[in-house]
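# Architecture and fold: a report
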Amino acid sequence: MATTDTRAAVSRKIPVPNNYRCAAKMLRQVTEEKKSIKTLLRDEKHFRAGRTIMDRLLVNLPQINAIIAHIDLTTKEPRLNPWLARALISELLYGRGELLGASLPVECVRRHETEIRKAYEATKASIPVVQRFEEPRFVRVNTELLNLEGAKRLMQEEGWILVDEEFPDYQSFLNRVQSLTDSEYMVDFHFNDLLVFPHCSKGYWARAEHLLSKFFLQNKACLVPTYLLKPPKKSVVLDMCSAPGMKATHLASLMKNKGRLYAVERNAERYKLLCQYAAPFGVIKTIQADCLDLTDEQVPGVEYILLDPSCSGSGMLDRLRMPEPVDEGRLYKLAGLQYKLLSHAMNSFPNARRIVYSTCSIHPEENEKVVMGVLRHNSHFRLLDARTELGKEWLNLGSPDYPGVGERCLYARSETDLTIGMFVAVFERCADGEENEIYMAHEQQKESYAKLAAIGSEGRKGKKNRGENNFKPVENEPEVQQRHSSGLVAERQHTSAAEGVSAANGVIGEQSESVSKKKSKRKADSEHTDSVIDETTANGMIGEASESVSKKKSKRKADSDHTDSVIDDTTANGVIGEPSESVSKKNSKRKADSDYTDSVIDDTTANGVIGEPSESVSKKNSKRKADSEHTDSVIDETTANGVIAEPSESVSKKKSKRKAIPLLHDADKTIEFDAAPIATDEQDADVKIGKSRKKKDRKKQNELLLTVNRPE
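Residues numbered from 1 in each chain as written. Predicted model: local features only at pLDDT ≥ 70, side-chain atom pairs only at ≥ 80, totals over all residues. Heavy atoms only, no water.

## Concerning helix α14 (residues 246-254)
Here is the rule we go by: Partly exposed residues are those whose accessible area sits between 20% and 50% of the maximum for their type, while under 20% is buried and over 50% is exposed, using a 1.4 Å probe and protein chains only. Only DSSP runs of H or I with at least four residues qualify as helices, and only runs of E with at least two residues qualify as strands; both kinds are numbered from the N terminus onward.
Among the nine residues in α14, eight count as buried, and that is most of the element. Trailing α14 by a residue or two, Lys256 shows a phi angle of about 60 degrees, which is positive.

## Section: the packing of aromatic side chains
Rules: Between the rings of Phe, Tyr and Trp (Trp by its six-membered ring), a pair exists once the centres lie within 6.5 Å; its type follows the angle of the planes, with under 30 degrees stacked, over 60 edge-to-face, and the other angles tilted.
Going through the model one piece at a time under the given rule, you end up with 15 aromatic pairs. Here the aromatic rings of Phe197 and Trp205 are separated by 5.2 Å at their centres, their planes lie at 70 degrees, and the arrangement is edge-to-face. The pair Phe197 / Trp205 is uniform in exposure class, with both members buried. Between the aromatic rings of Trp205 and Phe215, the centroid separation amounts to 5.5 Å while the plane-to-plane angle is 65 degrees, which identifies the pairing as edge-to-face.

## As for the sheet that holds strand β1 (residues 137-141)
Going by this rule: Two strands qualify as a pair provided DSSP detects at least 2 bridges between them. Contacts are assigned to residue pairs that have any heavy atoms within 4.5 Å of one another. Angles shown run from 0 to 180 degrees and are taken between the N-to-C directions of axes, each axis being a line fitted to C-alpha atoms and, for helices, limited to the stretch in contact.
Pairing within the open sheet is mixed, and its five strands lie in the order β2-β3-β4-β1-β5. Each of the sheet's edge strands pairs with one partner strand only, and the pair in question is β2 (161-162) and β5 (215-217). Here β1 pairs with β5 via three bridges, running antiparallel. Along β5, the bridge assignment pairs Val139 with Leu217. Sitting on the sheet, helix α11 (residues 170-178) is in contact with β3 (184-187) and β4 (194-197), with an inclination near 160 degrees to β3.

## Focus: the confidence of the model for the protein chain
Defined as follows: A residue's pLDDT is the predictor's confidence in that residue, given on a scale from 0 to 100.
The pLDDT averaged across the protein chain works out to 74; a share of 62% of its residues lies at or above 70. Counting interchain partners and residues more than four positions distant, the pLDDT-below-50 stretch residues 470-680 has 502 contacts.

## A word on the environment of Ile355
Relative to the assigned elements, Ile355 resides in strand β10 (residues 354-359). Taking the relative accessible area as the measure of exposure, Ile355 reaches 0% and is therefore buried. Aside from chain neighbours lying at most four places away, what touches Ile355 is Ile305, Leu342, Ala345, Met346, Phe381, Ala425, Val426 and Phe427.

## Observations regarding the packing of helix α5 (residues 61-71) against helix α9 (residues 113-123)
Just so we agree on the cut-off: We call a crossing left-handed when the near helix sits turned anticlockwise from the far one by less than a right angle, and right-handed when that turn is clockwise. Side-chain classes follow a simple rule in which Ala, Val, Leu, Ile, Met, Phe, Trp, Tyr, Cys and Pro form the nonpolar group, Asp, Glu, Lys and Arg form the charged group, and the remainder, Gly included, forms the polar group.
As a packed pair, α5 and α9 sit with axes 9 Å apart at the nearest point and diverge in direction by 115 degrees. By crossing handedness, the relation of α5 to α9 is classed as right-handed. Packed against α5, whose contacting residues are Gln63, Ala66, Ile67, His70 and Ile71, the element α9 presents Glu115, Ile116, Ala119, Tyr120, Ala122 and Thr123 at the interface. Each residue belonging to the contact of α5 with α9 can be placed in one class, and the counts come to seven nonpolar, three polar and one charged.

## Some points on the nonpolar core
We count it as follows: Grouping buried Ala, Val, Leu, Ile, Met, Phe, Trp, Tyr and Cys residues that are joined through side-chain atoms within 4.5 Å yields what is termed a nonpolar core. A domain assignment, automatic or from a database, supplies the domain bounds used here.
Ranked by internal contacts, the top residues of the largest apolar core, which has 53 residues, are Phe173, Leu228, Leu261, Ile284 and Met422. Both domains that furnish three or more residues to this core are identified here as domain 2 (137-217) and domain 3 (220-441).

This is the structure in structure tokens:
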């Protein structure tokens, strides 16, 4: 019993091996804190086997999680650290096949080894196969210390064999890279200062510390933005988000270490690393600041700008091997920051000629969408075709969902280019007076939207005005009649045509009969003209009774007015006129406002002559959807001194259809009849006078119309 307690006490004091402990710590930071595994491995100096262990752990993490859930390990061993448990299971199943040491966590996992292996077999089928490829080892030559021929001789001394072949296209080059043996290497298809080694050479380069000053271990995709920027020597370059500084050192090499390169970094820890890489290059000036606060005075004369901002890192190999759900909120915030940085680069440095924007992300929200948004609001920069600028064949372009942008941008894809995922776009300042086509298309779209909005606003305003112009019911009806008799008639009214019948001295006027029947149906505005029969006798004549019957049916959709007829019987000198009788019957139904006006009958007798009665009957029935208008006929009978006029008969039928011509009737105007009959030409002249007054009285007519519509 004592021996068991002693062993337990001793085992409690045994520490967990350093590799297991570091792996558990990094796994937690990568999973929970979203840190870069590459940065963590670089900062951890005592974790020499970290790359191999973490690569195994991250690739197989989905199945490890399934095994822990299958055997319910967290419930059985609640005191066991879950991150350490994952690291131990990874080594047991995918690493050495056994665990080292006798610490409590190691002993705990050993007790469940049988269950773990059974769960491994049970969950193998349910876990999707992780697509893995053995990416090559890309090594960039430091051309400040070594040229390409010197690098080849040095590699030959190290025992490497150069594959010196010419390839017709990029795909044949990639196929040859995948078939490299353990001792072969090649010069890259696109960049002459980049060497390509097989995947197994990573161990060699991790130990070759004597070569680190002459070579840089840098992925090929990271060289695409710097080569597309193409700054000449003695130029002024700005690297806005520079840390850790690998791109800045390559730019310095392209500039032959002549000119000025401003390398900016905000984070203090990353700034220290930037200073270490930039120290051998005198052309690089490091600045610890927020690049959004930079002005042209702080970095004067900037001509070329490289922007590789913070991104989701979805193109990194460890993120590709360990699938994780897309965080839309995080992508939205990152895209907003990237848009601000790119807009700041375009507008804060007036001498900037070329800007290269790149991310190690494969999400369009951070790439094509940001480029599209910036071009829509900045007319003075245009997007260049990156593949044309590169000068050689490239397989992957942007998304076709962004026309004008996707086909001009480059993507580096892990599955085809054997690199990390990378996006690159190239901007160039437009010439004076020139604007990019995306900006112009966006402005035209904005103008069309504004026109549509204006049309809609005018339509709503027109409906409101038409509603206000509807006639309102009036209380003082005689006053309305007086205004109508003074010649105020609304627009689009129905005007009666005049027919005059005159007889000379000594003639007896028989009955005259006029019948007018009209039917008018129009969708738009229309006018209806009734007939008016006037019978007039000169001096010494007795006018016989005349009869006029007018029947009308009018249907109109637009606005209309209702005007009643006025019957005036007047007798001349020395003639007694018998009473005349007029009957007006109306039935008007309107949706809006309606006015009803009765007819007025005036009987007048002259000196010594008795006029026979005349009878006028007008019956109308009008039903319209909008407004309707009824006009009665007017019968005037006049008898002269002691003379009976022969009957004269005149029937006038007119149909007038005009869109909107208001005419004025002046009731106060009287016509004096001479002994001679009145000709028809004089009546036509009156009509022409009314037409000529139409345009002049339009403004006054509208003002008086509003006065009529206003209730007293």
